[in-house]
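Secondary and tertiary structure notes
Chain residues, written in single-letter form:
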Amino acid sequence: MTTQVNDSPANPPAPDVQVAPVPAPVPEPPGLPDRLAALDRVVRAATGRLDQRLLDDAGALLDRAGQRLRLSAEHTVVALAGGTGSGKSSLFNAVCGLELSPTGLRRPMTSKAHACVWGLDGAGPLLDWLDVDKRHRYARASALDVARSDSSLQGLVLLDLPDHDSIQAMHRAEVDRFIGVADLLVWVVDPQKYADAALHRNYIVPFARYASVTLIVLNQIDRLEAAEVDECVADLRRLLEAEGLRNPNIITTSAVTSDGVAGFREVLVDTVAARRARNERLATDVTGVADRFAEYRGAAEPPAGVDEAHREELIENLTHAAGAPAVAEAMESAYELRAADFVGWPVAALADRLRRDPLRRMKLSELREELRGAFTGPVGAQQGDVDVALAAATDGVTAGLPAPWARAVRAAARSHAHELPEDLGEALKGALPAFNQVPRWWWLVKTWQYFLALTSVLGVVWIGLLVAYGVLGLGDVDGLLGEAGLIPYVAVLVVCTLGMGWLTSSACRNLVALSSARHGDRMERDMRDRIGGVAEEKVLRPVADELAAYAAFRKDVDAVRSA
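A brief report on the enclosed structure follows. All values reported here derive from a predicted model rather than from experimental measurement. Position labels on residues start from 1 in each chain and follow its written sequence. Where local features are concerned, this predicted model is filtered to residues with pLDDT of at least 70; where side-chain atom pairs are given and counted, the filter is 80 or more; whole-chain, interface and lining totals use all residues. Hydrogens are left out, water is left out, and the side-chain values use all remaining heavy atoms of the structure.

Observations concerning the overall build of the chain
The numbering of helices and of strands both runs from the N terminus, where a helix is a DSSP run of H or I of at least 4 residues and a strand a run of E of at least 2. Looking only at helices and strands, one finds 19 helices and seven strands in the chain. Relative accessibility under 20% of the residue-type maximum defines a buried residue, over 50% an exposed one, and the middle range a partly exposed one, all with a 1.4 Å probe and only protein chains included. Residues counted as buried form 42% of the 563 residues belonging to the chain. A total of about 30,300 Å² of accessible surface is found on the chain, and carbon and sulfur atoms cover 55% of it. Here, Shrake-Rupley sampling with a 1.4 Å probe gives the accessible areas, and only protein chains in the shown set may cover a residue.

Description of the sheet that holds strand β7 (residues 249-252)
Taken together, seven strands build an open sheet; the order of strands is β3-β2-β4-β1-β5-β6-β7 and the sheet is mixed. On the outer flanks of this sheet lie β3 (137-140) and β7, each paired with one strand and no other. The mean inter-strand angle of the sheet, taken between neighbouring strand axes irrespective of direction, is 20°. Between any two strands, at least two bridges found by DSSP are needed for them to pair. Pairing analysis gives four bridges linking strand β2 (residues 114-118) to β3, with the strands arranged parallel. In the sheet register, Trp 118 faces β3, and the bridge partner there is Arg 140. The axes are straight lines fitted to the C-alpha atoms, using for helices just the contacting stretch, and the angles between their N-to-C directions are given from 0 to 180°.

As for the pattern of salt bridges
Side-chain pairs of opposite charge can arise where the charged atoms are in close proximity. What counts as a salt bridge is simple: a side-chain nitrogen of Lys or Arg found within 4 Å of a carboxyl oxygen of Asp or Glu. All told, the structure shown has 27 salt bridges when counted by the stated rule. One salt bridge in this structure joins Glu 312 and Arg 311, with 3.6 Å as the shortest N-O distance. When its relative accessible area of 31% is taken as the criterion, Glu 312 is described as partly exposed. Between Lys 538 and Asp 423 there is a salt bridge; the shortest N-O distance is 3.7 Å. Here Lys 538, found in helix α19 (residues 487-561), pairs with Asp 423, found in helix α17 (residues 420-431); they are 115 residues apart in sequence, far enough to count as distant. Judged by its relative accessible area of 15%, Lys 538 falls in the buried class.

Focus on the packing of aromatic side chains
For Phe, Tyr and Trp, rings pair up if their centres lie within 6.5 Å, where Trp contributes its six-membered ring, and each pair is then called stacked (planes under 30 degrees apart), edge-to-face (over 60) or tilted (otherwise). Considering all chains together, one arrives at seven aromatic pairs under this definition. Taking 5.4 Å as the distance between ring centres and 45° as the angle between the ring planes, the aromatic pair formed by Phe 207 and Tyr 210 counts as tilted. Aromatic pair Phe 293 and Phe 553: ring centres 6.2 Å apart, planes at 70°, arrangement edge-to-face. Of this pair, Phe 293 sits in helix α9 (residues 277-294) while Phe 553 sits in helix α19, and the two are 260 residues apart along the sequence. There is no split in this pair, since Phe 293 and Phe 553 are both buried. Here the aromatic cluster, defined as three or more aromatic residues joined through ring pairs, consists of Phe 293, Trp 405, Tyr 550 and Phe 553.

Remarks on the environment of Ala 81
Checked against the element boundaries, Ala 81 lands in strand β1 (residues 76-82). In this structure the C-alpha to C-alpha distance between Ala 81 and Asp 163, which are 82 residues apart in sequence, comes to 6.9 Å. Among all residues touching Ala 81, those that are not within four sequence positions of it are Lys 88, Leu 161, Val 186, Trp 187 and Val 188. By definition in these notes, contact holds between two residues if any of their heavy atoms fall within 4.5 Å.

Quick word on helix α4 (residues 123-130)
Listed in full, the buried residues belonging to α4 are Ala 123, Leu 126, Leu 127 and Leu 130. The buried residues of α4 occupy one face: seen down the axis, they fall within an arc of 95°. Where α4 is buried, its residues touch α2 (52-70), β1, β2, β3, β4 (156-160) and α5 (169-179). Backbone geometry just downstream of α4 places Asp 131 in the positive-phi region, at approximately 60°. Directions from the helix axis toward the C-beta atoms define the arc.

Observations regarding unusual backbone geometry
The backbone of Asp 131 sits at a positive phi, close to 60°, despite the residue not being glycine. Under the relative-accessibility criterion, Asp 131 is labelled exposed at 53%.

Some remarks on empty space enclosed by the protein
With a 1 Å grid laid over protein atoms only, a set of points is called a cavity when a 1.4 Å probe fits there but cannot get out and a pocket when it is open yet has protein on both sides within 12 Å along at least five of seven lines; lining residues have an atom within 4 Å of a point. Grid points are joined across faces, edges and corners, and a volume is the space filled by probe spheres set on the points. For the structure on display, the rule yields three cavities of 30 Å³ or more. The computed volume of the largest cavity comes to approximately 60 Å³. Under the grouping applied here, Gly and all other residues not named as nonpolar or charged are polar, the nonpolar ones being Ala, Val, Leu, Ile, Met, Phe, Trp, Tyr, Cys and Pro and the charged ones Asp, Glu, Lys and Arg. Across the lining of the largest cavity, the residue classes break down as three nonpolar, four polar and four charged. Size it by volume and the second largest cavity reaches roughly 50 Å³. Taken together, Arg 64, Arg 68, Trp 129, Gly 180, Val 181, Ala 182, Asp 183, Arg 281, Leu 282 and Asp 285 form the lining of the second largest cavity. Within the residue set of the lining of the second largest cavity, elements represented by two or more residues are α2 and α9. The element contributing the most residues to the lining of the second largest cavity is α9, with three residues.

Written out as structure tokens, the structure is:
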């Protein structure tokens, strides 16, 4: 039997396979609810900072959008609008299949909006919100399109509006109100007045961004030849595009001959079936308001707060405004005067008291006590100096901000301006040490000085006794009190103690001068730190909060504009 040997390896190497990198998922744009939530945050952030009219418009949109979203999503509100004699009521009746809206030669015929509803479930609250008079509400069956038996207008709310060019102001107000809330706008024009200036100036141009939810119906084409219809449509399209209505959707109809009515119904059927008109209309409303807010969104990323250089400058200005250097200098003087009471030579102090003091004679000796009492608290900072310091603090952060936000940042810096003088005074007062606390070595020096002074006094008394008993012989005393030869030695002792006292005082005064300088510097640093805390709480933190609000505003505006 022959055995075959397989020379191929048991685990052949896998071929090199290049795996294509998986592209990063593209984040989807935020939906309408997210955009409305972002718009609400924008309005709250901009309150008190931006134009109130813009805030009112945005607030009204939020209310309207919230109410519309809470109402039936199964219904699409389509408004037929047009001028006098355009035939919109006739077209309305043709779509409905009944004579629901009055027509005739007398103009205007429609004074109140008429509504025809396909599908009543959930339509009642919607019609109440639209404020359609109950006398002008009509219900129809769901299937009206005879050309396509599977089509349906279920969910359509068709409105026939008064004439936009009516001489009655209440009619125009009615038109404006419904145009502001309709999901789909249908402008019905006729061959004679399709270029009406009032229509284009008051409605087409302001609503040009609503091209996706706008339909233009050229009605009464039965009055034109076929070639004339094409010319009218081309001219109307040119006019609409020139006014900003991109890719206008234009259809032609004749309510008299029913030409194009079926096609118009098809458009309504597709619109109702898609159920996108409501959200598209609201999304366009949101975009329009967002574009107005975008004017207040600067291109540069805002800083998180006041930069270090301006922060140090602010603290320095507030330190000088509070008079901290002067207070520190006064504290040095008071420290030295206070030290003189402890380390000074008592003999010299007694000699000073025996001299005639010009300060006391001029009744100015109280100045010394004022210096000694400098610890009782400083005078508050001047408001003008504080205002100057605050004005310079925000120069570095407002340069790239839009004007309203720059004003808001400056206002935040000044939000506690009237409190700062008192707060700065309290900060300085908190940095002052208790005056009754002195270094321990002062007491040791004072004890030593009084010991030397007492020794000098005893030496002088000893010399007096030696002179009395040893030189003048006023008594018969021997020993240390009667030996006249001790007088030079005792005198040397007195001179030495006096010299030691004077030298001790001089040396200690030099030490006190050095320590008082350090004491003043330390106290000034402490006061500066405390003033820095006040500046952080009363100025820098409000500015940082305002900048954070602006940064959130920019982010939310971007979210609102994303579509």
